[in-house]
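# Coordinate analysis (summary)
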Amino acid sequence: MKTLKEAKIGDTVCVMKLHGEGAVKRRIMDMGITKGTEVYVRKVAPLGDPIEITVRGYELSLRKADAEMIEVK
């Protein structure tokens, strides 16, 4: 299982599954990250937190903890 946190800069990955419960999962889905969505990893901060991605045509920053809940391929 590969997570979004493990994706490298410049990778385009496809979301396979969202882990997490309740409000956290809902917040990730509200940002447009749903099953089957393509995500491009733009930048990663020097200490790895946050991760900047492009999803559905807009830029978004995610915490490492949230990126770990997103299973990709």
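The structure contained in this document is the topic of the report that follows. (Residues numbered from 1 in each chain as written. Predicted model: local features only at pLDDT ≥ 70, side-chain atom pairs only at ≥ 80, totals over all residues. Heavy atoms only, no water.)

A few words on the pattern of salt bridges. Opposite charge on two side chains makes pairing possible when the charged atoms of those side chains draw close. Taken as a whole and assessed by the stated rule, the structure comprises 6 salt bridges. Among the salt bridges present, the one from Glu-68 reaches Lys-5, with a minimum N-O distance of 3.3 Å. Separated by 63 residues along the polypeptide, Glu-68 in the loop between α2 (64-67) and β6 (70-72) and Lys-5 in the loop between β1 (2-3) and β2 (12-18) bring together distant segments of the chain. With a relative accessible area of 41%, Glu-68 lands in the partly exposed category. Judged by relative accessible area, Lys-5 falls into the partly exposed class, the value being 36%. Among the ionic pairs, Arg-42 bridges to Glu-52, the shortest N-O distance being 2.9 Å. Taken together, the residues span a long stretch of sequence, with Arg-42 in strand β3 (residues 38-44) and Glu-52 in strand β4 (residues 51-55) at a distance of 10 residues. Each of Arg-27, Arg-63 and Asp-66 takes part in salt bridges that share partners, so that together they form one network. (Salt bridge = Lys/Arg side-chain N within 4 Å of Asp/Glu carboxyl O. Helix = DSSP H or I, 4+ residues; strand = E, 2+ residues; numbered from the N terminus. Buried < 20%, exposed > 50% of the residue type's maximum accessible area, 1.4 Å probe, protein only.)

By the criterion of burial, β4 is predominantly enclosed, with 4 of the 5 residues buried. Where β3 meets β4, 5 bridges bridge the pair, whose relative direction is antiparallel. Among the inter-strand pairings, Val-44 is bridged to a residue of β4, identified as Ile-51. Where β3 hands over to β4, the hairpin turn is made up of 6 residues, of which Gly-48 adopts a positive phi near 90°. Relative to strand β5 (residues 58-62), β4 runs antiparallel, the two sharing 5 bridges. Pairing of Ile-53 across the sheet is with Leu-60, part of β5. (Pairing = 2+ DSSP bridges.)

Just distances and angles here, no functional claims.
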